[in-house]
Amino acid sequence: MFAAENGLKGDPRLEAISAAIRVVPNFPKKGIMFQDITTLLLDHKAFKHTIDIFVDRYKDMQISVVAGVEARGFMFGPSIALAIGAKFVPLRKPGKLPGKIHIALKFLGFFVVDDENGNTVIIGKVISESYELEYGHDRLEMHVDAVEPLERVIIIDDLVATGGTLSAAISLMESQGAEVVECACVIGLPEVKGQHKLKGKPLYVLVEPSGLDEFC
């Protein structure tokens, strides 16, 4: 659902958020109206409005995990997690886990590396989930010990278009026995509100994309 349909109709914060998002035509390829949230981050009032609306929604839902989708989900997820007393779990693109390991051998799902003394150590098991894009496919990865069974999770990203990325994130969480309460995005196309596109999970969106009418 859109925030305006859930008690925030006419809320000036939503207008400020929408106005702070820059639209870049034909990026990264012709026909795309890119929704650039970096300008939202530059506007501290609009950025705070964004975080505040999400925090107000989730602060009383007993959420223990905020999972952010790489990369722009990382810009909103940690602030929300801190405010509601939850941990933040990054869902990363392939080969990015664990954080500071530069050279690693992936063996049976574990990253195996040599420490400073030359000893071989196992860093942690990584699970992955593939998803389809309009131009190919990609994958999200997560450490298996990042979430515990029955933990209540919200998944954060900046924009939802087809729902493929969020569906992959849901699958990662559910594979570890966690409960995905809701997915949340700053921007969303109206046609993606259907829960069937997100494995039956509800979707909460602040604003619709800007500039589509002008482009058409």
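Sequence order sets the numbering: in each chain, residues are counted from 1 along the sequence as written. Where local features are concerned, this predicted model is filtered to residues with pLDDT of at least 70; where side-chain atom pairs are given and counted, the filter is 80 or more; whole-chain, interface and lining totals use all residues. Excluded from the side-chain calculations are hydrogens and water; all other atoms, namely the structure's heavy atoms, are used.

**Q** It is not clear to me how the side chain of T39 should be interpreted in this structure. Could you clarify?
**A** With respect to the helices and strands, the residue T39 is situated in helix α2 (residues 38-42). Think of a polar contact as two N or O atoms within 3.5 Å of one another; within protein, one of them needs to be a possible hydrogen donor and the other a possible acceptor, and neighboring residues in sequence only count if both atoms come from side chains. Among the polar contacts listed, one links the side chain of T39 to the backbone nitrogen of R22, at a separation of 3.0 Å. Ignoring sequence-local partners within four residues, the contact set of T39 consists of A20, I21 and R22. Secondary structure elements are defined from DSSP: runs of H or I of at least 4 residues count as helices, runs of E of at least 2 residues count as strands, and each element is numbered from the N terminus. Every residue pair with non-hydrogen atoms within 4.5 Å of one another is taken to be in contact.

**Q** In this structure, what is going on with the pairing of strand β9 (residues 152-160)? I would like to understand it.
**A** Buried means the residue's accessible area, taken with a 1.4 Å probe over protein chains only, is under 20% of the maximum for its type, while exposed means over 50%, and partly exposed covers the values in between. Among the 9 residues that make up β9, 7 are buried, leaving the element largely enclosed by the rest of the structure. Sheet topology note: the strand β3 (residues 65-69)/β9 ladder contains 4 bridges and is parallel. Residue pairing for β9: V66 is matched across the bridge by I154. Summarising the sheet, β9 and strand β10 (residues 179-188) pair through 8 bridges and their orientation is parallel. Note that in β10 the partner of I155 across the bridge is C183. Tracing the backbone out of β9, into helix α5 (residues 164-175) and back to the parallel element β10 gives a crossover that is right-handed. Whether two strands pair depends on DSSP finding at least two bridges between them. When the strands point away from the viewer and the path from the first strand over the helix to the second turns clockwise, the crossover is right-handed.

Shape is all these values report; function is a separate question.
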